[in-house]
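# Reading the structure
What follows is each chain in one-letter form.
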2 protein chains.
Amino acid sequence: MVNKWIEYLEQNKDQQLMKLKEFLKIPSVSALSKHKKDIHKAARWLSNELERIGMENVKVMETEGHPIVYADWIHADHKPTVLIYGHYDVQPVDPLHLWETPPFEPTVRDGKIFARGASDDKGQVFMHIKALEALLKTEGKLPINIKIIIEGEEEIGSPHLPKFIEENKELLQADVLVISDTGMIEKGKPSITYGLRGLTGLQIDIQGAKTDLHSGAYGGGVQNAAHALVQLLSTFHDEEGRIMVDGFYDNVLSITDEEKQAINALQLDDEKVRTELGVPELFGEPGYSFYERTSYRPTLEINGMYSGFQEEGIKTVLPNQASAKITCRLVPNQEPEQILELIKQHIEKHKPKGVTVKITPFDSGAPFVTPLNHPAIQAAGRAASKIYGTETAYIRSGGSIPIVADFAQILQVPIVLLGFSLDSENFHAPNEHFHLENFYKGMQTMCEYWNELAEIRFK
Amino acid sequence: MVNKWIEYLEQNKDQQLMKLKEFLKIPSVSALSKHKKDIHKAARWLSNELERIGMENVKVMETEGHPIVYADWIHADHKPTVLIYGHYDVQPVDPLHLWETPPFEPTVRDGKIFARGASDDKGQVFMHIKALEALLKTEGKLPINIKIIIEGEEEIGSPHLPKFIEENKELLQADVLVISDTGMIEKGKPSITYGLRGLTGLQIDIQGAKTDLHSGAYGGGVQNAAHALVQLLSTFHDEEGRIMVDGFYDNVLSITDEEKQAINALQLDDEKVRTELGVPELFGEPGYSFYERTSYRPTLEINGMYSGFQEEGIKTVLPNQASAKITCRLVPNQEPEQILELIKQHIEKHKPKGVTVKITPFDSGAPFVTPLNHPAIQAAGRAASKIYGTETAYIRSGGSIPIVADFAQILQVPIVLLGFSLDSENFHAPNEHFHLENFYKGMQTMCEYWNELAEIRFK
């Protein structure tokens, strides 16, 4: 039995593609002030489209930066409410000469649509709108309550979104937040990202003597700032890669049996990773695979360090300053502030002699995980598996998307990252594209997902 | 009883100063090719002067670079032979606008003569010539045999001198080498430098993955080059500052009782050093004073290190490269080549996992010491004490003068560094000057020293 909305989606492929191209033509580059008009044009285009398909309460809401488009349809009594988040702004296009076709003249080649924003994130936003249209046109209603916000500042770090969420808590209240701005682990394999790492960090500045010194006249008699830094930094890990900060791992959630199964199902190959990276061996916390180390386990990483003479050749200087930048990728339930505090205590405890140590914290972001067995995750997985005809991959990503943690914290809502891009699709680079197969299957998956969710009672 | 030559030196002060100015007026900057003519002029000026005072076999000897002036007087049968070494080239003068009077227009103010080369080293070279003149004019002969070489490339690293010494071993053969190109530890305190540290070093380059990596996607799963470097570098010292390279201290000569006395006589104040450097505490190998650590003990010093992101703020990168530059100040009887080998073995033993380590050695120079109780050192001390009316300081310096080690090695000759400059005299900087008191007393000291040496039988 083919659903009516599947039929509708099939029959309207030309129109979907035409409208997608229309959306992609708007050069809504958020980073460049010369595109301010285009940003507003994209917001209006979206609100018109949401009105047209039958969404309600459509608003272009102003912020101190670029506007946020809001719409909802909330007539499914006693059914769950989903908040969809996406963004209509895109990255700059330089270097322009590397684009095979102009970034704002969408072109289809080999089943892919090429344009800036095709996969990140206009294509995926539009996929959501078209899925809602299919349901509204064929059923006259949605199976669940839907709210949607689409912002225009994601590519510049969403500076005004947290305040917006805070101020519109009531309006945005939902049972689940769904975001389609992540990727699939490989072509044909639908993927749900159910966890992300958080971030905290600090800079360490070591000051020795007033000035750099001559290593002949002073060498051996005064602490070398580089030595002091090396001595301090060496205390952060043991030789096998474990983090040696007291209490660092205390709140880290263990990998559950369900997660172990999900990991096994991915059939990952560490040797392949090793070859790609060109290292003699992979290295990290003992007892974990590469994927576990980078997604389920926290890190404490030197991002940069410097002291003394850096040019070619030799300079017999005794450096009086040395600095290091450190960031930690955090996992649930580590709290950024607490980890920062533990690191400060560690530095205090291992303070080198003969120098002073200054600490400057960086911005933090919390880690996030929606339990793998959460019904909203499982429903998404069922929907995607059905449409793609294969098992869905459940993954945790090693990266951090600060806005996701902000949503989780402010709205206290479970989050499902169900995205359809592929790593090969050049987002943020020339020749960005989106596989139309995933555009079409994505729309179907969303219709299926909303119907799956209609069967679930939250709370 | 006043010696005839003291009387002669006193009576000819005006003429000495006039001739010194003449010598200082020649802008013999070795680093700048536009001064090539001046270099030759200075060499000719010296050879004329040496001829004039009665030295023999005067030659301007060509090298592949700037010429070397040679002269001798070797008629003191059965008396020792001294080789005097000095240089007639000078440092560049920039920044010119900081000179109170032009660098090549010698001016006397407050008992000091201001000009480029006044103390380093033209003033001290000329002091030797004038001392020889005083002896030759008043006695008609010298109390010992004297050979003198004055080179023109000291300020550019003496690139052609080692070969010259090697090729002229016979000509330069002597019982003692005397150099006046070092300083006094304080005004009014004659000082003999009887040891210098040597130098060896290497660069360590750590290579991890092919490229820098995203610390979210890869952090925790692949060795961070900065971590690997820190881990390796931290093995070179213990927390108290001892060098932990196996065998590093094996050949280091202990401080002798005589040296301990000489050190005590200096009445050094570590607290004063600490305040000047602005450090919370001095730091170094336990059991030694600041001066002992910097002059009698070897070092292993990081001169520079760098990895990853170095700008302001935060970049969540996992660095794939990290480098450090290390030099060691060596003391007798450490051998540069052997120490380098021990360090290489240490690195091999502590090689971090997951990366490759590349080592690039730097140039080396041997340490040097003339035993403190050597008769040539003691005679110099007696002469200087007599003229200055105070005890001579016997010091070892933490710095390295590669050419001194070359002389010691090729000619197998004891070396006496008896210099009259003061640290405050701005050599290599604007407003270089030389205290005329030391110019005059220096000439007397040299006359006295040659007479002292005449009483000694070497070999």
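The name given to chain A in an unreviewed UniProt entry is Dipeptidase, with Pallidibacillus thermolactis as the source organism.

This next bit is on the interface of chain A and chain B. The interface is formed by 72 residues belonging to chain A together with 72 residues belonging to chain B. Along the contact surface separating chain A from chain B lie 0 salt bridges. Looking at the side of chain A that touches chain B, the elements that each hand over two or more residues are β11 (213-214), α7 (215-218), α8 (225-233), α10 (270-277), α11 (290-295), β12 (301-308), β13 (317-318) and β14 (321-330) of chain A. Among the residues making up the side of chain A that touches chain B, the classes are represented as 27 nonpolar, 30 polar and 15 charged. The pairing of β12 of chain A with strand β12 (residues 301-308) of chain B spans 5 bridges and is classified as antiparallel. Looking across to β12 of chain B, one finds that M305 of chain A is bridged to S307 of chain B.

Residues and elements named next belong to chain A. One open sheet holds the 3 strands; their spatial order is β4-β5-β20, and the pairing between them is antiparallel. This sheet does not close on itself; its edge strands, each paired only once, are β4 (107-109) and β20 (433-435). Each strand axis lies, on average, 25 degrees off the axis of its neighbour in the sheet, ignoring direction. Where β4 meets strand β5 (residues 112-114), 3 bridges bridge the pair, whose relative direction is antiparallel. Bridging from a neighbouring strand, V108 pairs with I113 of β5. The strands that helix α2 (residues 13-24) touches are β4 and β5; relative to β5, the one it contacts most, it runs at about 25 degrees.

Looking now at the pattern of salt bridges. Scanning all chains against the criterion turns up 45 salt bridges over all chains. Its salt-bridge partner being K130 of chain A, residue E133 of chain A comes within 2.7 Å of it at the nearest N-O pair. Of the two residues, E133 of chain A and K130 of chain A are both situated in helix α4 (residues 122-139); the distance of 3 residues between them amounts to about one turn of the helix. Residues E133 of chain A and K130 of chain A agree in their burial class; the two are buried. A salt bridge links R242 of chain B to D238 of chain B, with the shortest nitrogen-to-oxygen separation between them at 2.8 Å. Among the charged side chains, a salt-bridge network with shared partners connects K19, E22, E49, R52, K130 and E133 of chain A.

We now examine empty space enclosed by the protein. A complete count under the given rule lists 7 cavities of 30 Å³ or more for this structure. Volume-wise, the largest cavity comes out at about 180 Å³. Along the wall of the largest cavity there are 19 residues; nearest its centre are G220 of chain A together with H237, G241, G284 and E285 of chain B. Partitioned by chemical class, the residues of the lining of the largest cavity number 6 nonpolar, 9 polar and 4 charged.

Analysis parameters
- Residues numbered from 1 in each chain as written.
- Chains lettered and ligands numbered in written order.
- Predicted model: local features only at pLDDT ≥ 70, side-chain atom pairs only at ≥ 80, totals over all residues.
- Heavy atoms only, no water.
- Contact = heavy atoms within 4.5 Å.
- Salt bridge = Lys/Arg side-chain N within 4 Å of Asp/Glu carboxyl O.
- Helix = DSSP H or I, 4+ residues; strand = E, 2+ residues; numbered from the N terminus.
- Nonpolar A, V, L, I, M, F, W, Y, C, P; charged D, E, K, R; others polar.
- Pairing = 2+ DSSP bridges.
- Axes fitted to C-alpha atoms, helices over the stretch in contact; angles between N-to-C directions.
- Buried < 20%, exposed > 50% of the residue type's maximum accessible area, 1.4 Å probe, protein only.
- 1 Å grid on protein atoms, 1.4 Å probe; cavity = no way out; pocket = protein on both sides within 12 Å on 5 of 7 lines; lining within 4 Å.
- Points joined across faces, edges and corners; volume = space filled by probe spheres on them.

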